[in-house]
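This is what each chain is made of:
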Amino acid sequence: MTNKELQALKERYVAAGAASPNEQFADHATNAELWDADGKRMIDFAGGIGVLNIGHRHPKVVEAVKAQLDKLMHTCQTVMPYEGYVKLAQKLSEVVPVKGHAKVMLANSGAEALENAMKIARAATGKTNVICFDGGYHGRTFYTMAMNGKAAPYQTDFGPMPGTVFRAPYPVPYHGVSEDEALRGLKMAMKADSPGNETAAIVIEPVLGEGGFYAAPASFLKEIRKICDENGILMIADEVQSGFGRTGKMFAIEHSGVEPDMMTMAKSMADGMPISAIVGTDKVMDSSGPNSLGGTYTGSPTACAAALAVFDVFKEEDILGKSQRLGDTLRKRFDQWQEQFPHVDNVRNLGPMAAIELVTDKTSKEPRADLAAAVTKKAKENGLILLSCGMYGNTLRFLMPVTIEDNILEEGLAIVEQALKEVG
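What comes next concerns the included structure.

### Here we look at the packing of helix H4 (residues 83–95) against helix H10 (residues 301–316)
Next up, step 1: Where H4 meets H10, the axes come as close as 9 Å, and the angle between the chain directions of the two elements is 35°. Read as a crossing pair, H4 and H10 show a hand that is left-handed. Where H4 approaches H10, its residues Gly84, Tyr85, Lys87, Leu88, Lys91, Leu92 and Val95 are matched on the opposing element by Cys304, Ala307, Leu308 and Phe311.
Next up, step 2: Considered class by class, the residues forming the contact of H4 with H10 number eight nonpolar, one polar and two charged.

Structure representation (structure tokens):
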């Protein structure tokens, strides 16, 4: 079917709230390239929102999934467990930098991972509250919507959010929130809203994802670790978008040396197959009763096979090394853009988790969401998938596969550069 025919079906049968505004439909893809239903080629700088760190359809992942399909598709692991689940749990336990011996629960999505992390935190501490941060994004279920530090479009139209969720500032000096101010805000939240004896967890993205690709300073993360230790609060690092090589390390928290009590992960964990994980210290993870955690499809055999293959690819193809080199390449190009274009400012990256800010000028720093929208629109017209994000909608984020070929990367960056010239 053509894009036009598929668009007609979408308009007739897909709920408006779930429908993509994009009128192109993906047909097939490989690594960092995608072709739509009409055969138009697109370069992918979005990666399914950070899901494809090792590219579309990595051959080893495809092979592993096909092999698993020939053996077993589903039993529900709580009814009849299988090898992939326990092997993946072992692998995650060995690599995730939590504070002590790690145990694992597998789930289906990032939001589901956060929901279960909070269930576990409540069981482990006997407390109910959670403190999150401005700009944070944790999901679209009701509790994770309440945890999000950005209301629209996630909470819009859905009425009152669950209680027991409180918020503190995230340090973004460019937008006027220093690290000291963020710490003062966190401590004030604990005085005014959620004292330590009522707070089960502090949940933080080491690098804000939807909130704009701002990295928390190591000193800030260390202070949160200290506050948690002093108050019997669990520190939960949400690595759903920043994990699995996106920042030059397996997990972004590793840049700080801080060991959280729990971590959540999903997205690039299985290169496109739906799976997520909650990994925490054994005492914490074992705190809830029998059959208190689970789900029909959690940690499905095919998704586990894909995730195990991802680990093999990381080792065999030096994905972390490639990630670091890609980050260096992006930063050099971004520095040139910041010097070249008056409306490009605050270029930043942690590895290839990289972004630029579009503003009126470098003095006022006034956010220009309209420019970001114009650049993504122009890029799409010229064959590039590019995403904006941030509290002000003026950030361009770059999530191309770490495995992107050099010539494809250059072609995509040239499209962005030309779009920046045209909208300026």
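### Observations concerning the pairing of strand S2 (residues 33–36)
Next up, step 1: A two-sided burial pattern is seen for S2, the buried positions comprising Glu33 and Trp35 on one face and Leu34 and Asp36 on the other.
Next up, step 2: Alignment of S2 against strand S3 (residues 41–44), held across three bridges, turns out to be antiparallel. Among the inter-strand pairings, Leu34 is bridged to a residue of S3, identified as Met42.
Next up, step 3: Between S2 and S3, which pair antiparallel one after the other, the connecting turn spans four residues, and Gly39 there sits at a positive phi close to 90°.

### Description of unusual backbone geometry
Next up, step 1: Pro153 follows Ala152 through a cis peptide bond whose omega is 5°.
Next up, step 2: Within the secondary structure, Pro153 is located in the loop between helix H6 (142–147) and strand S6 (165–168).
Next up, step 3: A positive phi is found at Arg57, a non-glycine position, where the angle reads about 55°.
Next up, step 4: Locating Arg57 in the fold gives a position in the loop between helix H2 (47–50) and helix H3 (59–69).
Next up, step 5: Although it is not a glycine, Asn291 adopts a positive phi angle of roughly 60°.

### Quick word on the pattern of salt bridges
Next up, step 1: For the structure on display, the rule yields 20 salt bridges.
Next up, step 2: Its salt-bridge partner being Glu210, residue Lys150 comes within 3.3 Å of it at the nearest N-O pair. Taken as a pair, Lys150 in the loop between H6 and S6 and Glu210 in the loop between strand S7 (199–204) and helix H8 (218–231) lie far apart in primary sequence, 60 residues in all.
Next up, step 3: What makes Lys150 buried here is its relative accessible area of 18%.

### Structural notes on the sheet that holds strand S11 (residues 344–350)
Next up, step 1: With antiparallel pairing, the four strands of this open sheet are ordered in space as S11-S12-S15-S14. Each edge of the open sheet carries a strand with a single partner, namely S11 and strand S14 (387–389). Put simply, the sheet's adjacent strands are angled 30° from each other on average, direction ignored.
Next up, step 2: Bridge count between S14 and strand S15 (residues 395–398): three bridges; the pairing is antiparallel. Across the sheet, the residue bridging to Leu387 is Arg397, located in S15.
Next up, step 3: The strands touched by helix H11 (residues 319–340) are S11, strand S12 (353–358) and S15; relative to S11, the strand with the most contacts, the crossing angle is about 170°.

About the cut-offs
- Residues numbered from 1 in each chain as written.
- Predicted model: local features only at pLDDT ≥ 70, side-chain atom pairs only at ≥ 80, totals over all residues.
- Heavy atoms only, no water.
- Axes fitted to C-alpha atoms, helices over the stretch in contact; angles between N-to-C directions.
- Helix = DSSP H or I, 4+ residues; strand = E, 2+ residues; numbered from the N terminus.
- Left-handed = near helix turned anticlockwise from the far one by under 90°.
- Contact = heavy atoms within 4.5 Å.
- Nonpolar A, V, L, I, M, F, W, Y, C, P; charged D, E, K, R; others polar.
- Buried < 20%, exposed > 50% of the residue type's maximum accessible area, 1.4 Å probe, protein only.
- Pairing = 2+ DSSP bridges.
- Salt bridge = Lys/Arg side-chain N within 4 Å of Asp/Glu carboxyl O.

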